[in-house]
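Listed below, chain by chain, are the residues.
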Amino acid sequence: MVLFISDLHLHPSRPAAAALFRGFLAGPARSADTLWILGDLFEYWAGDDDDDPFNAAVCAELRALADGGTRICFICGNRDFLIGRGFAETAQTTLAEEPQVVDLDGQATLLLHGDTLCTDDTAYQTFRATVRTADFRRDFLAKPLAERKAFIGDLRQRSESEKQVKPAAIMDTNAQAVAAAFRRHGVARMIHGHTHRQARHGLSVDGRACERWVLGDWRDDAGNYLECSRDGWAFRPWTGRR
């Protein structure tokens, strides 16, 4: 069985969400062969040298799951793209390049965070192209941790303000970008997060039946995951009770 989650946005200011995730790792995730985290596990990640006790606790919980036999694979999101080898070693996770094509039940499936599909938000795509360069990563991580956190805090505030005035449509995926991803990778199935709009979409690309599974985000009182097993595929809610 393979499970998929994304967009938990864990942060010390949200202890209820962190407790919900802790219960998920001790519950449903224990039965999984593989857990895929498709980005934005954290509200932000300032660098692997951040010794915040909250981050350390999450890493320890992930490591405990891995020690129990569940393989954990991680694709970075737009909030935690600075996660690196230090995190991977501490949390015993495998960092996967994005996009990633994997075999699920004999079918090639495209995995990605999902922000690259939101091409109508041109301002964000320009920003993304800048911060994802090796030069930016190197120069930013060379700055003192306190300076990095202050910069990220400003970005978070600016992002929340911009969301209030951006049309909702441009923060969703672009149909042409979705179709292009299916064509580029030669797949008929895709799983991603980022938009917080949990759904399964059936579509036709060049006369070929395709499906796109969109993972939901986690609130303080409820989470969700996609379960892929021999019995089928289904979204499952998680409220902390088995």
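Just above, that's the structure.
Criteria and cut-off values
Residues numbered from 1 in each chain as written. Predicted model: local features only at pLDDT ≥ 70, side-chain atom pairs only at ≥ 80, totals over all residues. Heavy atoms only, no water. Buried < 20%, exposed > 50% of the residue type's maximum accessible area, 1.4 Å probe, protein only. Helix = DSSP H or I, 4+ residues; strand = E, 2+ residues; numbered from the N terminus. Pairing = 2+ DSSP bridges. Core = buried A, V, L, I, M, F, W, Y, C linked by side-chain atoms within 4.5 Å. Axes fitted to C-alpha atoms, helices over the stretch in contact; angles between N-to-C directions. Arc of directions from axis to C-beta. Contact = heavy atoms within 4.5 Å. Parallel < 35°, antiparallel > 145°, perpendicular 65-115°, else oblique. Left-handed = near helix turned anticlockwise from the far one by under 90°. Nonpolar A, V, L, I, M, F, W, Y, C, P; charged D, E, K, R; others polar.

### Considerations on the pairing of strand E7 (residues 189-192)
Logical step 1: Where burial is concerned, the two faces of E7 agree: the one with Arg189 and Ile191 and the one with Met190 and His192 are both buried.
Logical step 2: Here strand E6 (residues 107-112) pairs with E7 via three bridges, running parallel. Each bridged residue has a counterpart across the sheet, and for Leu111 the counterpart in E7 is Ile191.
Logical step 3: One ladder, built from four bridges, connects E7 with strand E9 (residues 208-214); its direction is parallel. Considered in E9, the bridge of Met190 is made with Arg212.

### Things to note about unusual backbone geometry
Logical step 1: In this structure, Pro99 follows Glu98 across a cis peptide bond, with omega equal to -5 degrees.
Logical step 2: Residue placement: Pro99 occurs in the loop between strand E4 (94-95) and strand E5 (100-104).
Logical step 3: Despite not being glycine, Asp7 has its phi angle at roughly 60 degrees, a positive value.
Logical step 4: Counting through the fold element by element, Asp7 comes out in the loop between strand E1 (2-5) and helix H1 (15-26).

### Observations concerning the nonpolar core
Logical step 1: Core analysis: the largest hydrophobic core is formed by 39 residues, its most contacted members being Ile5, Leu10, Phe21, Phe24, Leu41, Leu62 and Phe87.
Logical step 2: Mapped onto this core, the elements with two or more residues apiece are E1, H1, strand E2 (34-37), helix H2 (53-67), strand E3 (71-74) and helix H3 (85-91).
Logical step 3: With 16 residues, the next largest nonpolar core counts Phe4, Leu38, Val102 and Leu111 among its residues.

### What about the sheet that holds E9?
Logical step 1: The strand order across the open sheet formed by five strands is E5-E6-E7-E9-E8, and the pairing between neighbours is mixed. Of all the strands in the sheet, the pair left with one neighbour each is E5 and strand E8 (199-205). If you compare each strand with its neighbour and ignore which way they point, the axes differ by 25 degrees on average.
Logical step 2: Both E5 and E6 contribute to a ladder of five bridges, which runs antiparallel. Pairing of Asp103 across the sheet is with Ala108, part of E6.

### Some points on the sheet that holds E1
Logical step 1: In space, the six strands of this open sheet follow the order E4-E3-E2-E1-E10-E11, with mixed pairing throughout. The two strands at the open ends of the sheet, each matched to only one other strand, are E4 and strand E11 (232-238).
Logical step 2: In this sheet, E11 lies alongside strand E10 (residues 223-229) in antiparallel orientation, the contact comprising seven bridges. Bridging across to E11, Cys228 finds its partner in Trp233.

### Details of helix H4 (residues 122-131)
Logical step 1: Listed as buried for H4 are Tyr124, Gln125, Arg128 and Val131. One side of H4 holds all its buried residues, which, seen down the axis, span an arc of 135 degrees. The exposed residues of H4 that point more than 90 degrees off its buried face are Thr122, Ala123, Thr126 and Ala129.
Logical step 2: Lining the buried residues of H4 we find helix H5 (134-141).

### Points about the packing of H1 against H2
Logical step 1: Close contact between H1 and H2 brings their axes to 10 Å; oriented N to C, the two are set at 15 degrees. The pairing of H1 with H2 is recorded here as roughly parallel in orientation. Here the hand of the crossing between H1 and H2 comes out left-handed. Contacts between H1 and H2 involve Ala18, Phe21, Arg22 and Leu25 from the former and Phe54, Val58, Glu61, Leu62 and Leu65 from the latter.
Logical step 2: Among the residues forming the contact of H1 with H2, the class breakdown is seven nonpolar, no polar and two charged.

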